[in-house]
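Chain by chain, the residues run as shown.
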Amino acid sequence: MKFITMKFFRRSKKPSQSELSNTPARDDLERDKYWQYNTHHRDQYRYAERSSVFAPWFKLPPPILQRVLSFVCPHCCDESYETCEQSALENACMLCDLRDLSHAGQVSKRWREAAVKLMYHSIRIDSVHYCEREIDLSEKRKRRSRFNRNGVPEDTASARLSLLCRSLREDPTRLGVLVRYFKTPYMLRESSAPTLARTIAVLPNLRYVDLPEGLFSDDLAYQTLKFEVQARCPDLRKMTYACGSERSLEALSSGNVWQNLEVLELAKINMDPAVLRHVLSVLGCLRALKLSDCRVVDDNMFKYNDMLPAFPALEELLLVDMTRVTSDGLVAYLSREETRKKLNVLSLTNTGIQPFALHSILAYAPNLSTLSITNQVDTAFPSHVRPIPPLTNWSLRTLRFEITASAACSYASITDGYYNYLASSLFAGGLPRLSALYVRDQNFPDILLGLPLPTPGFAGSRHRPSSSSSAVLFSPGGAGLSPNSTNSFDNVPARFGSNNPFAPAAFDQSRGMGTLSLNQTLEVFTKGEDDIDWGSIRMDPFDTRGTAYNGAKGHRSSSSVTSGRPLSSYGLADSDPGWLGTGGARRSVVMQGTGSGGFLAVPGDTGVSSRRESAGTLGHHKEDLWPRPNSSHGPKKGDRDLWR
């Protein structure tokens, strides 16, 4: 027992001088043994010893190296002023990307310096992994016990925030100054205000941070956090003031708090309009303003006043539920030269600005690129009062024209006049640079194509062609559908004659407009009342004869023939541009009589032996295997597309 106890207190024997002198020889012996059993690593090790390995990635300049590493973790370059939920990347796992960037920083000292600058530039805390790895990690995080095998998992977001706070406070001079953007989940910032305040206290260069909603309304529970942000983060660029924070908003006019604000959001603010204009005039860096349900703001806020400072010139102006703001106020605001040149984005949601007054606003906004108007109407478009000029703007690229009928609407199809006005503006060529259009009418692409609206088979004067046994059943008044009767088919235009929507003189009686053409390639996004997602349709310009163009300059595509048909996304994407190939829409026939309908593919020309030469063409041209009726103008020489 004595010897066993002494064994634990025995001192380690120091190596002798001879053993120390033989250490290099022992290392060489171990290295030779390693080379003997690992021959594939021997040459690489010798090249590394001679410093002759060609590794240019170790000598990249820091800016280029940071650019390369930014593709490993894209969210580290996120410099938007959006919340953690709105700025999430789709089809990506931010935690896995951050882990890969951390592993890349372990390659060398230079790589670590570049990786650290990226990791702490825009910090993002996520609660879970957005990949399959979360399934295994969630099981490992559970706090199991002997009697509870399925324990409650720990709060990973709170744990990550605590670890980040410890890392930043241990080295604030090197890590804290690197942080510019800090984004946290909603539940974390609402429940971990003390930890968030300790973290923000060492971030002097912070520009954006996700804060709890109670701080924006001066809630007493978040006063400590608000004072910490005001004292420690003077370079903040975005702030929100809600109902109850009027005193804090008025403090901005002193010039001591957040003078570099670029984005300001005001929601349900109730204060003197004169004081509000003084506050906005002090913020010299303000470029975006959002006003939501502020009843004190009207047209006089935007108009010129000798006693008050001018309303600041903005790049983005968003008005939500501002019923007291009309087109007169915005026209007076845009009448200033600096405002016209600077305004780039304008969003109008449930305001006093009506869709038929947009032409006056667009006329004073020469640099406007995005316009959004969302409104619920209960009256028809006032086209009978006076002629309204079409929408005209040479810089508009994106237009959101979301006009819907209100719940108090007394009749249906009240929005048709508004979308007809939009279609006439597009046909007139007043929006030449428009490339994206959002509408809340599913039939709007049919208007642009010149197609009539889908109507029932028995609507109006068009009746179902039937046999003698069913003529009495479907005819009004019991009269038969004879050629000499009043309800004959002679009153209905021929399908392949003047009623053809792609004919030169086609006219849509239901909409009251002719078949006009677009002047630019347009992508139309439609959404119905019951739809969740937006559906998109790409529309290419074509002339009055139905010939498709290549681009917006009016040059014909090299792959189209002389009498091509305009292509759309109505099941014709797989057909040939000239309708002379073997497209599915070309060689198909509708099957009726089964009750459900469908398309039956017509066999190709492989099994057909009879091939005749077409009249008026050379001998090597083949006869069309699927004959179609001629148009009213008769066949032309070399024209094989007879749908017109």
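Undergrad: A description of the overall build of the chain should follow, citing residues and the corresponding values.
TA: Broken down by element type, the chain carries 21 helices and 17 strands. Each of the 644 residues in the chain was classed as buried or not, and the buried ones make up 39%. Of all intrachain contacts in the chain linking residues separated by at least 6 positions in sequence, the fraction that spans at least 24 positions is 66%. Summed over all atoms, the accessible surface of the chain reaches about 37600 Å², with 53% contributed by carbon and sulfur.

Undergrad: Residues and numbers for the pairing of strand S5 (residues 263-267), please.
TA: Note: strand S4 (residues 238-241) against S5, four bridges, orientation parallel. The residue bridging Thr240 from the neighbouring strand is Glu265, located in S5. With five bridges connecting them, S5 and strand S6 (residues 288-292) associate as parallel partners. Looking at the pairing, Ala267 lines up with Ser292 of S6. Chirality of the crossover, the property in question, places the unit of S5, helix H15 (residues 273-282) and S6 among those that are right-handed.

Undergrad: Run through a nonpolar patch on the surface, naming residues and quoting values.
TA: On the surface, Trp57, Phe58 and Val107 cluster together into a nonpolar patch covering about 280 Å² of accessible area. Of note, Trp57 is situated in the loop between helix H4 (42-49) and helix H5 (62-70). The exposure class of Trp57 is partly exposed, given its relative accessible area of 42%.

Undergrad: Go over the sheet that holds strand S2 (residues 181-183) with me, naming the residues and quoting the values.
TA: Strand order in the open sheet made by the three strands is S1-S2-S3, with parallel pairing throughout. Edge positions in the open sheet fall to strand S1 (122-124) and strand S3 (208-209), since each of these has one partner strand only. Here S2 pairs with S3 via two bridges, running parallel. Each residue of the ladder has a partner; that of Phe182, found in S3, is Val209.

Undergrad: Describe the confidence of the model for the chain, naming the residues involved and giving the relevant values.
TA: Of the residues in the chain, 64% have a pLDDT of 70 or more, and the chain-wide mean is 74. Predicted confidence for residues 456-515 stays below pLDDT 50, and this span has 82 contacts to residues more than four positions away or in other chains. Counting contacts from residues 604-644, a segment whose pLDDT is below 50, to residues more than four positions away or on other chains yields 52 contacts.

Undergrad: A description of the pattern of salt bridges should follow, citing residues and the corresponding values.
TA: Taken as a whole and assessed by the stated rule, the structure comprises 19 salt bridges. One salt bridge connects Asp126 with Arg124, and the closest N-O pair in it is separated by 3.1 Å. Judged on exposure class, the residue Asp126 and its partner Arg124 are both buried.

Undergrad: Account for the pairing of strand S7 (residues 316-320), naming residues and giving values.
TA: What you see with S7 is a clean split: Leu317 and Leu319 sit on the buried side and Glu316, Leu318 and Val320 on the side with no burial. Here five bridges tie S6 to S7, and the two strands are oriented parallel to one another. Residue pairing for S7: Ser292 is matched across the bridge by Val320. Examined bridge by bridge, S7 and strand S8 (residues 345-349) share five bridges and lie parallel to one another. Across the sheet, residue Leu319 finds its bridge partner in S8, namely Leu348.

Undergrad: So what's going on with the packing of aromatic side chains? Which residues, and what values?
TA: Under the definition given, this model contains twelve aromatic pairs. Between Phe302 and Tyr333, the aromatic rings sit 5.7 Å apart at their centres with planes inclined by 65°, giving edge-to-face as the arrangement. In this pair, Phe302 is assigned in the loop between S6 and S7 and Tyr333 in helix H16 (residues 327-334), connecting sequence segments 31 residues apart. Judged by relative accessible area, Phe302 falls into the buried class, the value being 2%. Assessed through its relative accessible area of 0%, Tyr333 is described here as buried.

Undergrad: How would you explain the packing of helix H6 (residues 94-104) against helix H7 (residues 109-119) if you had to name every residue and give the values?
TA: Running from amino to carboxyl end, H6 crosses H7 at an angle of 155°, the nearest separation of the two axes being 8 Å. Taken together, the axis directions place H6 and H7 in an arrangement best described as roughly antiparallel. Counted together, Leu98, Leu101, Ser102 and Ala104 of H6 and Trp111, Ala115, Leu118 and Met119 of H7 form the full contact between these two elements. A breakdown of the residues in the contact of H6 with H7 according to their chemical character gives seven nonpolar, one polar and no charged.

Undergrad: Summarise the nonpolar core; cite the residues concerned and give the values.
TA: Nonpolar side chains in soluble globular proteins tend to end up buried together. The biggest cluster of nonpolar side chains holds 111 residues, and the ones touching the most others in it are Phe182, Leu266, Val297, Leu317, Phe401, Phe444 and Leu448. Here this core gets seven residues from one element, more than from any other, and that element is helix H19 (residues 416-427). In contact with Leu317, other than residues within four places in its own chain, are Leu289, Phe302, Leu330, Tyr333, Leu343, Val345, Leu346 and Ser347. Counting five residues, the second largest nonpolar core, distinct from the first, contains Tyr81, Tyr208, Val263 and Ala288.

About the criteria used
In this numbering scheme, every chain counts its residues from 1 along its sequence in written order. Only residues with pLDDT of at least 70 get local features here, since the model is predicted, and only at 80 or more are side-chain atom pairs given and counted; chain-wide, interface and lining totals rely on the full set of residues. No hydrogens and no water enter the side-chain calculation; it runs on all heavy atoms of the structure. In this text, helices come from DSSP runs of H or I with a minimum length of four residues, and strands from runs of E with a minimum of two, each type numbered from the N-terminal end. Only protein chains enter the accessibility calculation, which uses a 1.4 Å probe; a residue whose area is less than 20% of its type maximum is buried, one above 50% is exposed, and one in between is partly exposed. Contacts are assigned to residue pairs with any non-hydrogen atoms lying within 4.5 Å of each other. Per-residue accessibility takes into account occlusion by the displayed protein chains alone, with areas from the Shrake-Rupley method and a 1.4 Å probe. Two strands pair if DSSP finds at least two bridges between them. Whether a crossover is right-handed depends on one test, that the path from the first strand over the helix to the second runs clockwise when the strands point away from the viewer. Patch members must show over 30% relative accessible area and no salt bridge, and they are joined within 9 Å when carrying like charges or within 5 Å when they are nonpolar side chains of Val, Leu, Ile, Met, Phe, Trp or Tyr. Basic side-chain nitrogens of Lys or Arg form a salt bridge, by our definition, when they fall within 4 Å of a carboxyl oxygen of Asp or Glu. Scored from 0 to 100, pLDDT reflects the predictor's confidence in each residue. In summary, the pairing rule links any two rings of Phe, Tyr or Trp, Trp by its six-membered ring, whose centres are within 6.5 Å, and it sorts them by plane angle into stacked for under 30 degrees, edge-to-face for over 60 and tilted for everything else. Between N-to-C directions, angles span 0 to 180 degrees; the directions come from axes that are lines fitted to C-alpha atoms, helices contributing only their stretch in contact. Each angle gets one of four labels, with under 35 degrees taken as roughly parallel, over 145 as roughly antiparallel, 65 to 115 as roughly perpendicular, and the rest as oblique. When residues are sorted by character, Ala, Val, Leu, Ile, Met, Phe, Trp, Tyr, Cys and Pro go into the nonpolar class, Asp, Glu, Lys and Arg into the charged class, and all the rest, Gly among them, into the polar class. Note on terminology: a nonpolar core comprises buried Ala, Val, Leu, Ile, Met, Phe, Trp, Tyr and Cys residues joined through side-chain atoms within 4.5 Å.

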